Amino acid sequence: AYLVLRCGMLFDDAYRELLRVRPVASPNQGFLSQLTELSRAHDMFDDLNLSRIGMYSERDPQYLVGLRLRDRAGVELDERYVYLVLPPSGLASPDFVVIVWLGEFAPPAFVDAGMHVARQSYAQNERALSFAQSIANRADDSDAPNRPISSFARYLKEQFGLEYKMLDQNSSPQSPIVIRQGSEPKWFERVMHDLGCAAIGVRVPELDDDFVTHSSAIRGQRLS
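Residues numbered from 1 in each chain as written. Predicted model: local features only at pLDDT ≥ 70, side-chain atom pairs only at ≥ 80, totals over all residues. Heavy atoms only, no water.

Looking at the layout of surface pockets
Spelled out, the test is: A cavity here means a set of points on a 1 Å grid, drawn over the protein atoms and nothing else, where a 1.4 Å probe fits but cannot get out; a pocket is an open set with protein on both sides within 12 Å along at least five of seven lines, and a residue lines either one if it has an atom within 4 Å of a point. Grid points are joined across faces, edges and corners, and a volume is the space filled by probe spheres set on the points. Strands here mean DSSP runs of E at least two residues long; helices mean DSSP runs of H or I at least four residues long; both are numbered from the N terminus.
If you add up the space inside the second largest pocket, you get close to 510 Å³. Every residue lining the second largest pocket is counted, 17 residues in all, and those nearest its centre are Asp12, Arg16, Met55, Tyr56 and Leu67. Sorting the residues of the lining of the second largest pocket by element identifies helix H2 (11–21), strand E1 (49–55) and strand E2 (64–68) as the ones contributing at least two each. When residues in the lining of the second largest pocket are grouped by element, the largest group, five residues, is from H2.

Take a look at the structure:
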């Protein structure tokens, strides 16, 4: 918490630094969740969020989370993983939508974790919308902070020249748009290109070790 609040570090970086200095540190899950929310509150971005489902820590390879890809230049979507495209952090929008890309060889656990992260994102947006609406209802209160309800559709139009209706949602509200490798629509390829993505559906050697570690943990669980 000190590294996040006082040093301006992101939660993932702060946690890695903690483990480097004190490898035996093991915060409980409740406190980790609070730290994650704290980090999000201090981590407001004006761009789309591209995340990959991966291990939170090698000490617990079965605990999967959405890992935000902050350096997206030249990023490649690995066919063994699940990736999510989310609206900018801090955007509370009634037309909120999450895009989930499923690699052809992504394990079921990665798929489940991706859908779980998507559901969490929708729930967080609902809470943010509720807060924004309560602020709007107090518009005549001079002490009320200014937090307007935003439009994701307008953001896509302004940033990418993309019409929201192009995101052909064959799903109900609060459900992510699921795109499987090999069936990517043109608009998705365009968005990924604009985000700096160099390739879709390849093998990324740098992710081999993480994938093997997780796969070994799953096999060990089955044998036990």
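Quick notes on the nonpolar core
The condition is simple: Take the buried Ala, Val, Leu, Ile, Met, Phe, Trp, Tyr and Cys residues and link them wherever side-chain atoms come within 4.5 Å; each set so joined is a nonpolar core. Working definition: with a 1.4 Å probe on protein chains only, accessible area under 20% of the residue-type maximum means buried, over 50% means exposed, and in between means partly exposed. We call two residues in contact when some of their heavy atoms are within 4.5 Å.
Counting residues in each nonpolar core, the largest one holds 44 residues, and the members touching the most others are Leu48, Ile53, Tyr83, Leu84, Val98, Phe188 and Met192. Sorting the residues of this core by element identifies E1, strand E4 (82–86), strand E5 (99–102), helix H4 (108–136), helix H5 (152–160), strand E6 (177–180) and helix H6 (186–194) as the ones contributing at least two each. Non-local contacts of Leu84, meaning those with residues more than four positions away in its chain, are made with Asn49, Leu50, Ser51, Ile53, Val98, Ile99, Val100, Gly114, Val117 and Ala118. Phe11, Tyr15, Tyr56 and Leu67 belong to the second largest nonpolar core, which has eight residues in total.

Description of the sheet that holds E1
Just so we agree on the cut-off: In this description, strands pair whenever DSSP reports at least two bridges between them. Interaxial angle, 0 to 180 degrees, is taken between N-to-C directions of lines fitted to C-alpha atoms, where a helix line uses only the stretch in contact.
One open sheet holds the five strands; their spatial order is E2-E1-E4-E5-E6, and the pairing between them is mixed. Of all strands in the sheet, those bounded by a partner on one side alone are E2 and E6. Across the sheet, the mean angle separating the axes of adjacent strands is 25° when strand polarity is ignored.

Quick notes on H5
Residues spaced three or four apart along an α-helix face the same direction, because each turn holds 3.6 residues. As a reminder, the rule being used: Arc definition: it is the arc formed by the directions from the helix axis to the C-beta atoms.
Taken residue by residue, H5 has Phe152, Ala153, Tyr155, Leu156 and Phe160 as its buried positions. Down the axis of H5, the buried set is contained in an arc of 160°. They therefore lie on one face. Where H5 is buried, its residues contact H6.

Concerning the pattern of salt bridges
Our working rule: Salt bridges are defined by distance alone: a side-chain nitrogen of Lys or Arg within 4 Å of a carboxyl oxygen of Asp or Glu.
Counted according to the given criterion, the structure contains four salt bridges. Put simply, Glu79 and Arg203 hold a salt bridge, and the shortest N to O gap is 2.7 Å. Taken together, the residues span a long stretch of sequence, with Glu79 in the loop between strand E3 (76–78) and E4 and Arg203 in the loop between strand E7 (199–202) and helix H7 (208–223) at a distance of 124 residues. Relative accessible area serves as the criterion here: at 13%, Glu79 is assigned to the buried category. Judged by its relative accessible area of 48%, Arg203 falls in the partly exposed class. We note a salt bridge from Asp208 to Arg80, for which the minimum N-O separation is 2.8 Å. Note that Asp208 is positioned in helix H7 and Arg80 in the loop between E3 and E4, a separation of 128 residues in sequence. A single network of salt bridges, built from pairs that share partners, joins Asp78, Arg80 and Asp208.

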